Amino acid sequence: MGDFFERIVDLEATGEEAGPLAARMVDWMVGQGVITRELSGDAMYSLNVDLGHVPGPDWARAVADASDPTWIPAPVAVIVGRDHHVGGQGADTADSATCPRCGTRTVVIDYPEEFEPDEEVWQPFRDGIRTWKETGEGTAPCSACGVSSPVTEWDFGSGFDLGALAFDFWGWPPLSVRFLAEFRRELGHRTEEQSGKF
């Protein structure tokens, strides 16, 4: 069970806001009894984060179904820093990208004909994302309308999100709708949820 994760990605936090927001959300989850301040690396596989917060005594209040008494969730990783976050089983490219200006959807992986990205199509997005990671600002041009928009405004479809703050719940039962709504409200930002397997 420990190699599955559910991730909450903050879509709006800047690189400068991410650290203080992470600390505030940890304080909130500790206060709710969902996690503790104790750290562990057991059954946790988040990139660039070696230790996560051990589940708290009331971890079950965060999940939709805690009826299995043998289920013991793994730690919660707090990921701070501008990065792309990918659900699924380790894919590193978005399937598509939809322009925030004209709404044109650019296909990057042409399922079911292809299972690999069209590198020529993906390259401008890859370049823009790399620049955003390094500087906080990066753009990609739309092949239809010609406008270059910030990569953080493009819609890359489900399972591929950009954010400077994310939370990985390793080996937890599915998080409840109620908890996700409370989490978003406390965070004060738009979020996306992902799930996947290490």
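The structure reproduced in this document is the subject of the present report. Quick caveat, the model's predicted, so the values are computed rather than measured.

## Re the packing of aromatic side chains
- One pass over the structure, following the stated rule, counts 16 aromatic pairs.
- With a centroid separation of 5.5 Å and an interplanar angle of 85 degrees, the aromatic rings of Tyr45 and Trp170 are classed as edge-to-face. Remark: Trp170 occurs in strand 9 (residues 160-170) and Tyr45 occurs in the loop between strand 2 (35-40) and strand 3 (52-55); sequence separation between them is 125 residues.
- Among the residues examined, Tyr45 registers a relative accessible area of 35% and is labelled partly exposed.
- Note on Trp170: relative accessible area 2%, which makes it buried.
- With a centroid separation of 6.0 Å and 80 degrees between ring planes, the pair formed by Trp122 and Phe156 is classed as edge-to-face. On the criterion of sequence distance, the pair formed by Trp122 in helix 2 (residues 119-135) and Phe156 in the loop between strand 8 (148-150) and strand 9 is long-range, its members being 34 residues apart. For the pair Trp122 and Phe156, one class covers both residues: buried.
- Grouped by ring-pair contacts, the aromatic residues Trp28, Trp59, Phe167, Phe169, Trp172, Phe179 and Phe183 constitute a single cluster.

## Quick notes on the pattern of salt bridges
- This structure, assessed with the given rule, holds 10 salt bridges.
- Salt-bridge contacts for Arg7 lead to Asp168; the nearest nitrogen and oxygen are separated by 2.6 Å. One end of the pair, Arg7, is in strand 1 (residues 4-10); the other, Asp168, is in strand 9, with 161 residues separating them in the sequence. Each of the two residues, Arg7 as well as Asp168, counts as buried.
- Between Lys133 and Asp83 there is a salt bridge, with the nearest N and O atoms lying 3.1 Å from each other. Separated by 50 residues along the polypeptide, Lys133 in helix 2 and Asp83 in strand 4 (residues 76-86) bring together distant segments of the chain.
- Looking at Lys133, the relative accessible area reads 27%, which means it is partly exposed.
- Overlapping salt bridges, with partners in common, bring together Arg61, Arg178 and Glu182 in one network.

So, how was this worked out
- Residues numbered from 1 in each chain as written.
- Predicted model: local features only at pLDDT ≥ 70, side-chain atom pairs only at ≥ 80, totals over all residues.
- Heavy atoms only, no water.
- Phe/Tyr/Trp six-rings, centres within 6.5 Å; stacked < 30°, edge-to-face > 60°.
- Helix = DSSP H or I, 4+ residues; strand = E, 2+ residues; numbered from the N terminus.
- Buried < 20%, exposed > 50% of the residue type's maximum accessible area, 1.4 Å probe, protein only.
- Salt bridge = Lys/Arg side-chain N within 4 Å of Asp/Glu carboxyl O.

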